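So the chains spell out like this:
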Amino acid sequence: GQQVMQIPQYQHVQEGEDFTTYCNSSTTLSNIQWYKQRPGGHPVFLIQLVKSGEVKKQKRLTFQFGEAKKNSSLHITATQTTDVGTYFCAAANDYKLSFGAGTTVTVRA
Amino acid sequence: SQTIHQWPATLVQPVGSPLSLECTVEGTSNPNLYWYRQAAGRGLQLLFYSVGIGQISSEVPQNLSASRPQDRQFILSSKKLLLSDSGFYLCAWSRTGGNYGYTFGSGTRLTVV
């Protein structure tokens, strides 16, 4: 299946600061999905990007799909303690999703 | 609205014992169903997926098996558990006919001792 690499693996953020996590593939992706998993919880679907160069926003979260459809990013502004968790990108191949290893975010108050 | 139920939430089993984890979906028909495993602090590994009753595809050959006896029921089984089977098992469903977001169950934390 499609392989996606996520960086960084860990992100320690001061509350109020911005950060970005990246998802990269060596092949062109049909779409990319993003999920959030809170500590001790299960992954929750955030968004799907389909079009080249697509940008979608959810409050303080901005998701972008690269022009070549080989990379994606999630940018969070003014980080809050509620942003703590692991963010996964996932690439679809037929009926299956292949997940990246995730970026685990911790927030310093 | 659609809901997904997965149980039990936690399970401690001895090595060599059998396993049966059940997942059911309500409020939709003919869903795609998936079993993932997540090792502590790691990503999600796809174990099995099903696009219909009795149709099971295995991604990782192991001592685990899956079955789909009914449209909205997905079962993960093992005849003899290994220590390496410990992990967080997640069931998920998605709509058919395209790429849709997955909805995950709350998961089962399995510890094999």
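None of these values were measured; they are calculated from a predicted model. (Residues numbered from 1 in each chain as written. Chains lettered and ligands numbered in written order. Predicted model: local features only at pLDDT ≥ 70, side-chain atom pairs only at ≥ 80, totals over all residues. Heavy atoms only, no water.)

Engineer: Outline the overall build of chain B, listing residues and values.
Structural biologist: Along its length, chain B carries zero helices and eleven strands. Rg of the C-alpha trace for chain B: 13 Å, near the compact-globule value of 13 Å for 113 residues, within the 12% margin. With respect to the principal axes defined by its C-alpha atoms, chain B has extents near 40 × 25 × 20 Å. With 113 residues in all, chain B has 46% of them scored as buried. Total accessible area on chain B stands at roughly 5300 Å², and carbon and sulfur atoms take up 51% of it. (Helix = DSSP H or I, 4+ residues; strand = E, 2+ residues; numbered from the N terminus. Rg over C-alpha atoms; globule rule 2.2 N^0.38 Å. Buried < 20%, exposed > 50% of the residue type's maximum accessible area, 1.4 Å probe, protein only. Areas by Shrake-Rupley, 256 points an atom, 1.4 Å probe, with all protein chains shown as cover.)

Engineer: Kindly report on unusual backbone geometry, identifying the contributing residues and their values.
Structural biologist: Peptide bonds are, in most cases, trans, and in most cases residues other than glycine have a negative phi. Residue Pro8 of chain A is reached from Ile7 of chain A by a cis peptide bond, and omega for that bond is -5°. By the element assignment, Pro8 of chain A lies in the loop between β1 (5–7) and β2 (10–14). For the bond from Trp7 of chain B to Pro8 of chain B, the omega torsion is 0°, close enough to zero to count as cis. Secondary-structure assignment places Pro8 of chain B in the loop between β1 (3–7) and β2 (10–13). For Lys69 of chain A, which is not glycine, the phi torsion reads 60° and is therefore positive. Relative to the elements of secondary structure, Lys69 of chain A occurs in the loop between β7 (61–65) and β8 (71–76).

Engineer: Lay out the state of the cysteines in plain terms, naming residues and giving numbers.
Structural biologist: Residues and elements named next belong to chain A. Evaluation of the coordinates by the stated rule reveals two disulfides over all chains. A sulfur-sulfur separation of 2.0 Å characterises the disulfide bridge that pairs Cys23 with Cys89. Note on the Cys23 and Cys89 pair: the S-S dihedral is about 75°, so by sign convention the disulfide is right-handed. Taken together, the residues Cys23 in strand β3 (residues 19–24) and Cys89 in strand β9 (residues 85–93) connect sequence positions 66 residues apart. Residue class for Cys23 comes out buried when judged on its relative accessible area of 2%. (Disulfide = S-S within 2.5 Å.)

Engineer: Describe the interface of chain B and chain A, and please don't skip the residues or the numbers.
Structural biologist: Size of an interface, as often reported, equals the accessible area lost when the parts are brought together. Contacts between the two partners involve 21 residues from chain B and, on the opposite side, 20 residues from chain A. Carbon and sulfur atoms supply 54% of the area that chain B and chain A bury against each other, a total of about 1500 Å² over both sides. In this structure, the connection of chain B to chain A is made through one salt bridge. In this structure, the salt-bridge partner of Glu59 of chain B is Lys96 of chain A, at a minimum N-O distance of 3.4 Å. Counting every contact that joins chain B to chain A gives seven residue pairs in polar contact (both at pLDDT 80 or more). Only β4 (32–38), β5 (44–52) and β9 (87–94) of chain B provide two or more residues apiece to the side of chain B that touches chain A. Along the lines of polarity and charge, the residues of the side of chain B that touches chain A split into eleven nonpolar, seven polar and three charged. (Contact = heavy atoms within 4.5 Å. Buried area = accessible area lost by both parts, 1.4 Å probe. Salt bridge = Lys/Arg side-chain N within 4 Å of Asp/Glu carboxyl O. Polar contact = N/O pair within 3.5 Å; in protein donor to acceptor, adjacent residues only side chain to side chain. Nonpolar A, V, L, I, M, F, W, Y, C, P; charged D, E, K, R; others polar.)

Engineer: Hey, could you go over the sheet that holds β8 of chain A for me, with residue numbers and the actual values?
Structural biologist: Residue and element names in this part refer to chain A. Read from one edge of the open sheet, five strands run β1-β3-β8-β7-β6, paired in antiparallel fashion. Every interior strand has two partners, whereas the edge strands, β1 and β6 (55–58), have only one. Adjacent strand axes in the sheet meet at a mean angle of 15° when their direction is disregarded. Two elements, β1 and β3, share three bridges in a ladder whose sense is antiparallel. (Pairing = 2+ DSSP bridges. Axes fitted to C-alpha atoms, helices over the stretch in contact; angles between N-to-C directions.)

Engineer: Give a description of the pairing of β2 of chain B that names residues and reports values.
Structural biologist: It is a general feature of regular strands that their side chains alternate between the two faces of the sheet. Residues and elements named next belong to chain B. Of the two faces of β2, the one lined by Leu11 and Gln13 is fully buried and the one lined by Thr10 and Val12 carries no buried residue. Of the strand pairs in this sheet, β2 and strand β11 (residues 108–112) are connected by four bridges, and their pairing is parallel. Each bridged residue has a counterpart across the sheet, and for Leu11 the counterpart in β11 is Leu110.

Engineer: How would you explain the side chain of Arg37 of chain B if you had to name every residue and give the values?
Structural biologist: Residues and elements named next belong to chain B. By the element assignment, Arg37 lies in strand β4. Within polar-contact distance, the side chain of Arg37 engages the side chain of Tyr89 at 3.0 Å. Beyond its immediate stretch of four places on either side in the chain, Arg37 contacts Gly43, Leu44, Gln45, Leu47, Gln62, Leu64, Ser84, Asp85, Ser86, Phe88 and Tyr89.

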